Amino acid sequence: QDGETKVIGVSIPAATHGWAGGMNYFAQATVDRLEETYPQLDFVLATASDPAKQVNDIEDMVATRNIDALVVLPFESEPLTGPVQNVKASGAWITVVDRGLSQEGIEDLYVAGDNPGFGRVSGEFMASALPEGGKIVVLRGIPTTIDNERVEGFQAAIEGKNIEVLGMEHGDWNRDKSFTVMQDFLSKHPQIDAVWASDDDMAVGALGAIEAAGRDDIKFVLGGAGMKEMIKRTMDGDAMIPANVTYPPSMIATAIEITAVGLVSQAPVSGDFIIGSVLVTPENAETYYYPDSPF
Amino acid sequence: MSDAAVPAAPRRIRMTVIGPILALVLLVVAGALMNPNFLGWDNVTNVLARSAFIGIIAVGMTFVITAGGLDLSVGSMAAFIAGLMILVMNSLVPSMGVGVPVILVGMAVALLAGLAAGLLNGILITRLGIEAFIVTLGSMGIYRSLVTWLADGGTLSLDFNLRSLYQPVYYGGIFGITWPIIVFALVVLVGEVVMRSTAFGRYCAAIGSNEQVAKYSSVRVDRVRLMTYAALGLLVGIATIMYVPRLGSASSATGMLWELEAIAAVIIGGTVLKGGFGRVWGTVIGVLILTLIGNLLNLTDFVSPYLNGAIQGAIIVLAVVLQREGKAR
Amino acid sequence: MSDAAVPAAPRRIRMTVIGPILALVLLVVAGALMNPNFLGWDNVTNVLARSAFIGIIAVGMTFVITAGGLDLSVGSMAAFIAGLMILVMNSLVPSMGVGVPVILVGMAVALLAGLAAGLLNGILITRLGIEAFIVTLGSMGIYRSLVTWLADGGTLSLDFNLRSLYQPVYYGGIFGITWPIIVFALVVLVGEVVMRSTAFGRYCAAIGSNEQVAKYSSVRVDRVRLMTYAALGLLVGIATIMYVPRLGSASSATGMLWELEAIAAVIIGGTVLKGGFGRVWGTVIGVLILTLIGNLLNLTDFVSPYLNGAIQGAIIVLAVVLQREGKAR
Amino acid sequence: MTVLALRNVSRSFGPIEVLHGVDIALRPGRVHALIGENGAGKSTTMKIMTGYQPPSSGQVLLDGRPVGFANMGAAEDQGISMIHQEFNLAEQLTVEQNIFLGRELKRGPFLDKPAMRARTRELLDRLECRVSPDRVVSTLSNSDKQMVEIAKALLRDTRVLVMDEPTAVLTRAETAILLRQVRALREAGTAVLFTSHKLDEVEEIADDLTIMRDGRVVWTGEAAAMDQHAMANAMVGREMSDLFPAKVSTPGEVALEVANLSVPGFSHDVGFTLRRGEVLGVAGLIGSGRTETFEGLCGLRPATGEVRVFGQPVRIDHPWQAQDLGLCYLTEDRKTRGLLLGKGLRENLTLQALSKFDRGLLDTGAEDRALTQAIADFDIRGHRDALVGNLSGGNQQKLLFAKTMLADPQIIVIDEPTRGIDIGTKQQMYVLIRRLAAQGRAIVVISSEMQEVIGLADRILVMRHGRVTGELGADATEDAIVRLAMGVAPTPSKEPA
Ligand SMILES: Nc1ncnc2c1ncn2[C@@H]1O[C@H](COP(=O)(O)OP(=O)(O)OP(=O)(O)O)[C@@H](O)[C@H]1O
Ligand SMILES: Nc1ncnc2c1ncn2[C@@H]1O[C@H](COP(=O)(O)OP(=O)(O)OP(=O)(O)O)[C@@H](O)[C@H]1O
Ligand SMILES: [Mg+2]
Ligand SMILES: [Mg+2]
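Keep in mind that this is a model prediction, so the values were computed, not measured. (Residues numbered from 1 in each chain as written. Chains lettered and ligands numbered in written order. Predicted model: local features only at pLDDT ≥ 70, side-chain atom pairs only at ≥ 80, totals over all residues. Heavy atoms only, no water.)

Caption draft 1: Representation of the overall build of chain D within the structure. Across its full length, chain D carries 17 helices and 24 strands. Its C-alpha atoms give chain D principal-axis dimensions of about 70 × 55 × 45 Å. Looking at chain D as a whole, 59% of its 497 residues qualify as buried. At a minimum sequence separation of 6, the contacts of chain D that also span at least 24 residues come to 68%. When the accessible surface of chain D is summed, it comes to about 18600 Å², and 49% of that surface belongs to carbon and sulfur atoms. Averaged over its 58 positive side-chain charges, chain D has a centre that lies 2 Å from the centre of its 64 negative ones. (Helix = DSSP H or I, 4+ residues; strand = E, 2+ residues; numbered from the N terminus. Buried < 20%, exposed > 50% of the residue type's maximum accessible area, 1.4 Å probe, protein only. Contact = heavy atoms within 4.5 Å. Areas by Shrake-Rupley, 256 points an atom, 1.4 Å probe, with all protein chains shown as cover. Lys, Arg positive; Asp, Glu negative; His and termini not counted. Charge placed at Lys NZ, Arg CZ, Asp CG, Glu CD.)

Caption draft 2: A look at the coordination of the magnesium ion (ligand 4). Residues and elements named next belong to chain D. Bound to the magnesium ion (ligand 4) on the protein side are T291 (OG1) and E332 (OE), at distances that span 1.7 to 2.6 Å. Of this pair, T291 sits in helix α9 (residues 290-297) while E332 sits in the loop between β18 (327-330) and α11 (334-338), and the two are 41 residues apart along the sequence. By the burial criterion, T291 is buried, and E332 matches it. (Donors = N, O, S within 2.8 Å, 3.2 Å for Na, K, Ca; no water.)

Caption draft 3: Seen up close, the relation of the copies chain C and chain B. By a simple turn and slide, chain C fits onto chain B: the slide is 0.1 Å along the axis, the RMSD is 0.2 Å, and the turn is 180°. A rotation of that kind, with that shift, is consistent with a two-fold axis. Among all residues of chain C, the minimum C-alpha distance to the rotation axis is found for K274 of chain C, at 3.6 Å. With an isologous cut-off of 70% or more, the 96% of interface residues of chain C that recur at the interface of chain B puts this contact in the isologous class. (Least-squares fit on C-alpha atoms with pLDDT ≥ 70 in both.)

Caption draft 4: The interface of chain B and chain A, seen in detail. Residue-level contacts link 31 residues of chain B with 28 residues of chain A. Interface area for chain B against chain A, summed over the two sides, is near 2400 Å², with a carbon-plus-sulfur share of 43%. Three residues, L247, N298 and Y306 of chain B, lead the burial of chain B against chain A; their summed loss comes to 23% of the area buried on that side. For the pair chain B and chain A, the interface holds two salt bridges. (Buried area = accessible area lost by both parts, 1.4 Å probe. Salt bridge = Lys/Arg side-chain N within 4 Å of Asp/Glu carboxyl O.)

Caption draft 5: Broad picture of the site of ligand 1. Taken together, 19 residues form the shell around ligand 1, and within it K42, S43, T44, S392 and G394 of chain D come nearest. Nearby residues place ligand 1 at the junction of chains B and D. A distance of 3.0 Å is found between an oxygen atom of ligand 1 and a side-chain nitrogen or oxygen belonging to N38 of chain D. Broken down by secondary-structure element, the contributors of at least two residues to the shell around ligand 1 are α1 (42-49) and α14 (393-406) of chain D. Broken down by class, the residue content of the shell around ligand 1 amounts to five nonpolar, 11 polar and three charged. When residues of the shell around ligand 1 are assigned to domains, at least three fall in each of domain 1 (4-236) and domain 2 (254-486) of chain D. (Near = heavy atom within 4 Å. Polar contact = N/O pair within 3.5 Å; in protein donor to acceptor, adjacent residues only side chain to side chain. Nonpolar A, V, L, I, M, F, W, Y, C, P; charged D, E, K, R; others polar. Domains from an automatic or database assignment.)

Caption draft 6: Quick look at the coordination of the magnesium ion (ligand 3). All names here are of chain D. Distances from the magnesium ion (ligand 3) to its protein donors, S43 (OG) and Q85 (OE1), fall within 1.9 to 2.1 Å. Separated by 42 residues along the polypeptide, S43 in helix α1 and Q85 in the loop between β6 (80-83) and α3 (95-99) bring together distant segments of the chain. Look at S43 and you get buried, because its relative accessible area is 18%. Exposure remark for Q85: the relative accessible area of 16% places this residue in the buried category.

Caption draft 7: Highlighting the pattern of salt bridges. According to the stated counting rule, one finds 55 salt bridges over all chains in the structure shown. When the shortest N-O distance is used, the salt bridge between E59 of chain A and R246 of chain C registers 3.2 Å. Taken together, the residues E59 of chain A in helix α2 (residues 51-65) and R246 of chain C in helix α11 (residues 221-247) connect one chain to another. With relative accessibility at 1%, the residue R246 of chain C sits in the buried group. A salt bridge links R459 of chain D to E278 of chain D; the shortest N-O distance between them is 2.8 Å. You can see R459 of chain D sitting in strand β23 (residues 459-464) and its partner E278 of chain D sitting in the loop between β14 (267-275) and β15 (279-284), a full 181 residues away along the chain. Each of E59 and D60 of chain A together with R50 and R246 of chain C takes part in salt bridges that share partners, so that together they form one network.

Caption draft 8: Spatial organisation of the interface of chain C and chain B. Of the residues lining the interface, 49 residues belong to chain C; the matching set on chain B comes to 50 residues. Buried area between chain C and chain B, summed over both chains or domains, comes out near 4100 Å², and the portion from carbon and sulfur atoms is 73%. Between chain C and chain B we count zero salt bridges in total. At the junction of chain C with chain B, the criterion picks out 10 residue pairs in polar contact (both at pLDDT 80 or more). Listed by contribution, the elements that provide at least two residues to the side of chain C that touches chain B are α5 (132-150), α10 (211-216), α12 (258-268) and α14 (308-324) of chain C. Element by element, the count of residues in the side of chain C that touches chain B is highest for α5 of chain C, at 12 residues. Among the residues forming the side of chain C that touches chain B, the class breakdown is 28 nonpolar, 13 polar and eight charged.

On their own, these measurements won't tell you what the molecule is for.
Structure, rendered in structure tokens:
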């Protein structure tokens, strides 16, 4: 080691919904910890509320902070591809998290969740939990590619399983919006067997609405992303929340950590690192329960 | 062109009165035709209860706008107050135990914080003479940030047991009418009376229509202005008291865009954006129209949900066209 | 109270002129102290280039606001135009091949769409006499929905080869000055001249100051108003032409909250929100202040990123306090 | 031979007809005066002639042919321009921008600012107005605004110039300047129509005369056929007695003591005392700072100095503090500072004294009674439910007076009390002011009408350049006032600033 300080830029979307909030938490915590551990590393953490702002952040990191590595969780793949490519051209190390860029081979390290897989695991659970088939409603996230991939994965998995999707509306990964949408679903459909909330924040909203309406036709709500309160309820055997599907916001921590190690030790760390979505059931829930995490 | 305005006056006034009501009635009829559950007790209760947050805030906003002001910070103020309230209540559970006193303290905190936040906006606007738009844009950013920071980027959740105790404040009620509806109705009633029949309401309209004249008429302009912001802050506090028991949580996404909805409701209701004329009952209709649009779109599914926003936008414009129709020629 | 205005008049005018400049200078000095690269060519170029989008739009917004109007739809209009442009260009690639003509067609589409959207807003506002706030709130929802729908909830991406060809429009330039900066400078120049030295600029101020007087002086009020919205639409089109090569895509997140930034820039620059007085150069300073705040926050990391919004909010208010200082007493 | 004429024109606002079959004809090279009581329909007649309002029935004839002006600019294109009774200026624009609004001079696509500025200067010089073309209009005094209005009308080469009470806000000297311009236009063959409630002016300048009452023409003919007295009688429809009431005053305790009052930028070291039962007149030329001084006194502007109210030293920073002390200021600027034009009579009337009607909720019944009373006391004519902006100018002024009096002030500063008020009502207002004094109130009357000050006041303060240059008794002559106001007489020892 030449003792020279190296700078790692971390660019992530702002905490506008639960999962992103968790991801923000893990990014911040990891940065704090690694700055302690490696005095020769400096971190720049920027959060962006839209793709253009994220491009600004990345430009600033290059122009004013001379970053040696960039860890980026793209707000959207397309708009970030060019700018990240420019960073790559400046010689920096690139770690891409969660959402792949729209062009192959830019990143040195790819740490990702599996969105189609998330949808597929959710769909498979739904099919197995309703062996006779049934009527469900679906809450979708903010209209994005991620959401599209998840929903497509889900639909493919329930194909031919006699599961009727009564309605799909966007809950925007937001509790309040989901509460409202679920209330209206309940008014509209006298019989609903299950809800695919596709995210734990939305599941919280949906559960609130169901509870308030006092409806007992709904057998369960399937959320996702592994919020600790929900995992806990699964662990405790709550029948309304029989399962969860992981999509850990902590993947950002993994990415930052590996990048830091790569930078200080020159250990070979490049490659793809896919964090699959796993079905959490009462049996294995304990493994996925992190009571100290904010998410 | 042409002076015109004058002879048409009586007719136009009538249209601006009937307009919003007509728009609301049309929406209700459309809803009833499209879905039989629409007029069901449950749905009506749902719609009214969820209107309550924006509605309570919008009543306060009516005064602020009538007096020639504006407040963009209400949404993030609500989020911040909710966060603060949850933190305080959670922190009191170990010492005070789960009980009504903790909730009362939480409510007091919400009211005080709302009042303080409103006063702060008002003082900056009246004492420093900065445009309300800028001051409240600034405080909007500040509160939003603060709640994100309080929640460490995530969500603040109310202690589970406390929540069960607190929930009836949103879900419970008397004679089948839930508390948010009752509180909303009370706020509207008081607001309407204050606007119509008190000196304060008169002063707001006077200041909004010509500040100089108000000043020359010995109206305490700055104090009245300040009071509109303080009242709005207090109402945000009340709205938050109703909001927290619903899902028991607050995050940076709480209250997102409430300011826009509140302002839109006020204007749809016939209050003039540049000030000088305000109508509380109109605001209520504005809020109901906005909530109903969302409700209707959820109850029917004849278009892609991607287009919900477009339909919403179109209906808002149409609702206002209805009441302005007289002015067209 | 003190209407102060009068005796302080000369001093205050000077302060409102110097104020925004002073705020800008303070920010630049702060930046230079915090990071030596801040005044480096790269960073300066970056900041100026990215100011261009909001900047070009804010120049148009200055006219709209000066004439007593408002436009909330510019952000989603930009998103919609970007989406449309990409769709059209992609669909032309098979028939016209990847080449400059396709890009020119794309640009023409952007300009036309912008103009049309602006005209539409303007016509609704002037012909139907609906509050600008409501009309543009409506069209904001409509365009945002339309782009989501065009993109099927995802992202619309420009054909990859086309994008490489198009990119120099954002990243290239002459004498090391990139195109967005050049176009921005031109728009500002033209805007400043129009505002100061043409009848149109005067009419805008006259209408914003007193519509009745303008009418009595045979100013064609509705036409001038309409033209401000049309010009703003056109400028949104121009901004989009610069934006698309930068990100090569459009989605429902494109142009989010641009309207708020543009309006804030206009007001920070000293234009009066209620109309009657506008200052294009001030708007430019407002835009630079807003962009610099974001840039500065990336230069250092002494606070939690959660608090960025709070700092941003505080600086905006301070920047305006600086220029209003004279009014305080 | 007539240029512009109305034939059998009627005009209704809603169900109410305010003009009934009006005929009037303007001839080139003649000055035609239109007089009548407040609300008689003068302004409405003028607006119809100049295309700002359409007639409900009847015809507008230009060169003998019926015309319908399609929009507001149309009449102007025909060489017909109008100076409105109420200011018609964009406050945030400069003098030059206002004067050329709608008819800017251009060089290519750009404004020819030097030319416009030069032309503005030239016009203002003709009017002996020293305001800079670059001043923002909102910072001008009323009289300067009026001069800008006049300059704006002079700019347009007009065949017909219609002026609605152009001299209401002008002093005698300025009026003389204006009348000089009017004569020049007459020489050049312009037809001039003008109204004024100052009948001496009418007698001085008018060639033709039309008198209106209640929306009807009651007399028309050569002006020479009528003297002031006859005009007043014809207008009011009854025999007019002496304009000013007798001054029976018994000064009581000292109500107001002012020393070293300075309003930065406007006045310096003003001092005077005022007793109950007294009417103090304040005279001075335009820009002598009378308005600002008394606004400063009443907390409407920043001011310094020592003030005692009924013997108590007080500090007044806000107008409401002044009102709490029983001190009220009645503004000279009814349109932008006095009344809410978009609101009704009732809201306006009670705004300043709203606490009187506040019983938790407002007692609207009492408000209505107050309005009924005010309408009777001040002879306010116009529909009770009308918007104040739709009242005639003089009736607005009466309402403003009523509004201030409702607050029941003990010390009243009245700035230009009879601006735009017809002669009959003027007489009533003078009686009223004297009666208020007799009740033991202390009254300050700021007025640019020399006769008014002399006829009404017990003592007269004369101001020049923001300083008191002298105090005169009730027997003051116009000449003595003018000398002090113009600085011809030796000023008391104070040095100019
Ligand atoms: N726009 C309007 N709407 C309703 N009534 C109006 C309108 N304009 C004028 N009036 C009424 O028409 C009548 C005549 O008004 P006008 O202004 O012509 O009087 P005037 O002779 O000019 O009086 P003054 O000497 O006070 O200026 C008044 O009763 C007034 O209230
Ligand atoms: N708002 C203002 N800002 C700047 N200057 C002003 C303002 N109002 C008045 N002035 C100037 O102050 C001076 C005194 O004002 P003003 O003419 O009102 O005094 P006055 O003696 O009351 O005369 P008037 O008879 O017109 O009321 C004038 O030169 C005027 O142009
Ligand atoms: Mg009149
Ligand atoms: Mg005066």
